[in-house]
Amino acid sequence: MNLLNRLKIQHKLALLCSAFLLPIGILTYLFIGQTEKDVTFAAKETPPAAAPVSGVARGEYLVRAVGHCGECHTPRSAMTMAVDNNRFLAGNPKKTGPEGQLSPNITPDKDTGIGSWTEDQIVTYLGTGNRPDGDVAGGLMGESIQGTLAGYKDMTKADLQAIAKYLKVIPAVKNKIE
Ligand code: HEC
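Residues numbered from 1 in each chain as written. Predicted model: local features only at pLDDT ≥ 70, side-chain atom pairs only at ≥ 80, totals over all residues.

Asks: Go over the environment of Lys110 with me, naming the residues and quoting the values.
Replies: Take Lys110: it is sitting in the loop between helix 3 (69-73) and helix 4 (119-128). Assessed through the 10 C-beta atoms surrounding it within 10 Å, Lys110 is described here as exposed. In this view, Lys110 contacts Gly115 and Ser116; residues no more than four positions away in its chain are not counted. (Helix = DSSP H or I, 4+ residues; strand = E, 2+ residues; numbered from the N terminus. Buried ≥ 20, exposed ≤ 12 C-beta atoms within 10 Å, placed from the backbone. Contact = placed C-beta atoms within 7 Å.)

Asks: Account for the packing of helix 2 (residues 55-66) against helix 6 (residues 157-169), naming residues and giving values.
Replies: Interaxial distance between helix 2 and helix 6 falls to 7 Å at its minimum, and their mutual angle equals 95 degrees. Accordingly, the angle class assigned to the pair helix 2 and helix 6 is roughly perpendicular. Contacts between helix 2 and helix 6 pair Gly55, Val56, Arg58, Gly59, Glu60, Leu62 and Val63 from the former with Asp159, Ala162, Ile163, Lys165, Tyr166 and Val169 from the latter. Residue classes in the contact of helix 2 with helix 6 are distributed as seven nonpolar, two polar and four charged. (Axes fitted to C-alpha atoms, helices over the stretch in contact; angles between N-to-C directions. Parallel < 35°, antiparallel > 145°, perpendicular 65-115°, else oblique. Nonpolar A, V, L, I, M, F, W, Y, C, P; charged D, E, K, R; others polar.)

Asks: Quick one: what's the story with the environment of Glu60, residue by residue and with numbers?
Replies: By the secondary structure assignment, Glu60 is in helix 2. Through-space distance from the C-alpha of Glu60 to that of Ile170 is 9.3 Å; in sequence the pair is 110 residues apart.

Asks: Tell me about the nonpolar core, and name the residues and values.
Replies: Ranked by size, the top nonpolar core spans 25 residues in total, and within it Ile122, Leu126, Leu160, Ile163, Ala164 and Leu167 carry the most contacts. Those elements that place two or more of their residues in this core are helix 2, helix 3, helix 4, helix 5 (139-146) and helix 6. Element by element, the count of residues in this core is highest for helix 6, at six residues. With residues near it in sequence (within four places) discarded, Leu167 still touches Ile106, Pro108 and Ile122. (Core = buried A, V, L, I, M, F, W, Y, C linked by C-beta atoms within 7 Å.)

Asks: Which residues make up the site of the ligand, and what values do they have?
Replies: Of all residues adjacent to the ligand, which total 24 residues, the nearest are Gly67, Cys69, Cys72, Gly138 and Met141. Mapped by element, the contributors of at least two residues to the shell around the ligand are helix 3, helix 4 and helix 5. Class assignment of the residues belonging to the shell around the ligand gives a composition of 15 nonpolar, eight polar and one charged. (Near = placed C-beta within 6 Å.)

Okay, structure coming up:
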């Protein structure tokens, strides 16, 4: 094949790339970027300009913007590891859990979540690590409660109560984690 023909073929290939492959690549990039943005930066993940001072709104603020409970407790896609905020706090099995740790469903579902825990039991758990069944929080949760410098145990009782109140009003999601 002479040089001219080779250049013609290369040119055709280049055209093919710019006509089809690049747009497909960019569309894929935009689309995946967009879905990831939607999922990981859901509007509510943006903390309000001023922190609410009390009640359920305070609890939501503490769970989302301070405690980042969703990082471990909101289900992640095994494919992309993106969090699925439509099932906020519904738990992760070991496969998608933080550092391979199972993170329980903490929505108010009675069977698969913590619907049977009272607000006081949630406050005690976050403040001390002591579970209603007499056991103690382990793994990353134990570490998050105790903290290296500060953990959930160092939050004020009023704030832990706000978190407990909030956890009672989020949608119950049936999601058995084992
Ligand atoms: C770094 C990951 C991580 C973060 C952040 C985290 N958790 Fe956990 N959580 C876990 C793990 C892992 C367990 C299981 C602990 C165990 O096995 O003892 C757990 C257990 C729990 C439990 C016990 C549920 C049950 O059914 O046994 C509650 C309640 C809970 N977390 C609430 C919270 C709240 C509220 C926050 C935010 C303030 C939070 N967690 C933040 C990882 C995390």
